[in-house]
Amino acid sequence: MTTIEGIDPQAVPSGTGCADCLAGDGPGWWVHLRRCAQCGRIGCCDSSPSQHASAHARTPGHQILRSFEPGEDWFWNAATQEYLDGPALAPPLAHPADQPAPGPAGKVPADWRQQIN
Ligand SMILES: [Zn+2]
Ligand SMILES: [Zn+2]
């Protein structure tokens, strides 16, 4: 099997929401979720106020992001700004279907559409 630098198929997701938002960094809500393909850390997308996934992707060796949204299976290389194909990753492949986007429930401001990037 081909090994792609920045992808560890065995790494499990850190949780069901952005690890940094849930830890209290920033306003604490996100639009969509991304998964670090190397270590499984869940972060928030670039539309989100804190853009934690892209911040994490600047860590050397952690440049490949995978969508953590239900029904999405794309990989994105943040270093080269290119989509790529990758192997099957350890489940779960997305946040729970009943978890809202934007999320998490109760943290999203009513005017979130005005606050996204
Ligand atoms: Zn976040
Ligand atoms: Zn990572």
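Rules used throughout
- Residues numbered from 1 in each chain as written.
- Chains lettered and ligands numbered in written order.
- Predicted model: local features only at pLDDT ≥ 70, side-chain atom pairs only at ≥ 80, totals over all residues.
- Heavy atoms only, no water.
- Pairing = 2+ DSSP bridges.
- Helix = DSSP H or I, 4+ residues; strand = E, 2+ residues; numbered from the N terminus.
- Axes fitted to C-alpha atoms, helices over the stretch in contact; angles between N-to-C directions.
- Donors = N, O, S within 2.8 Å, 3.2 Å for Na, K, Ca; no water.
- Tetrahedral: all angles 85-135°; square planar, octahedral: opposite > 155°, others 65-115°.
- Buried < 20%, exposed > 50% of the residue type's maximum accessible area, 1.4 Å probe, protein only.
- Lys, Arg positive; Asp, Glu negative; His and termini not counted.
- Salt bridge = Lys/Arg side-chain N within 4 Å of Asp/Glu carboxyl O.
- Polar contact = N/O pair within 3.5 Å; in protein donor to acceptor, adjacent residues only side chain to side chain.
- Contact = heavy atoms within 4.5 Å.

**Considerations on the sheet that holds strand β2 (residues 42-44)**
In step 1: Overall, antiparallel pairing links the five strands, which are arranged β2-β1-β3-β4-β5 in an open sheet. With partners counted over all chains shown, the strands left at the sheet margins are β2 and β5 (82-84), one partner each. Going from strand to strand, the sheet's axes swing by 40 degrees on average, the running direction of each strand aside.
In step 2: Looking at chain direction, strand β3 (residues 64-67) and strand β4 (residues 75-77) are connected through three bridges and run antiparallel. Bridge pairing in β4 links Arg66 to Phe75.

**Brief notes about the coordination of the zinc ion (ligand 2)**
In step 1: The zinc ion (ligand 2) binds to the protein through Cys36 (SG), Cys39 (SG), His56 (NE2) and His62 (ND1); the donor distances cover 2.0 to 2.2 Å.
In step 2: Around the zinc ion (ligand 2), the four donor atoms are arranged such that angles at the metal cover 106 to 113 degrees; this shape is classified as tetrahedral.
In step 3: A relative accessible area of 33% places Cys39 in the partly exposed class.

**Quick look at the side chain of Glu69**
In step 1: Note on placement: Glu69 falls in the loop between β3 and β4.
In step 2: Comment: no salt bridge for buried Glu69; closest opposite-charge side chain is Arg34, at 5.0 Å.
In step 3: Separated by 2.8 Å, the side chain of Glu69 and the backbone nitrogen of Leu33 make a polar contact.
In step 4: Once you skip the residues sitting within four places of it in the chain, Glu69 turns out to touch His32, Leu33, Arg34, Ala94, His95 and Ala101.

**A short note on the coordination of the zinc ion (ligand 1)**
Geometrically, a metal with four donors at the corners of a regular tetrahedron has ideal angles of 109.5 degrees, and one with six donors at the corners of a regular octahedron has ideal angles of 90 or 180 degrees.
In step 1: Distances from the zinc ion (ligand 1) to its protein donors, namely Cys18 (SG), Cys21 (SG), Cys44 (SG) and His52 (ND1), fall within the range 2.0 to 2.3 Å.
In step 2: If you look at the zinc ion (ligand 1), its four donor atoms make angles of 103 to 117 degrees with each other, and the shape they trace is tetrahedral.
In step 3: Between consecutive donors of the zinc ion (ligand 1), the numbers of intervening residues give the motif C-x2-C-x22-C-x7-H. In this pair, Cys18 sits in the segment before α1 (19-22) while Cys44 sits in strand β2, placing the two residues 26 residues apart along the sequence.
In step 4: According to the relative accessible area criterion, Cys18 is buried, its value standing at 0%.
In step 5: Assessed through its relative accessible area of 0%, Cys44 is described here as buried.

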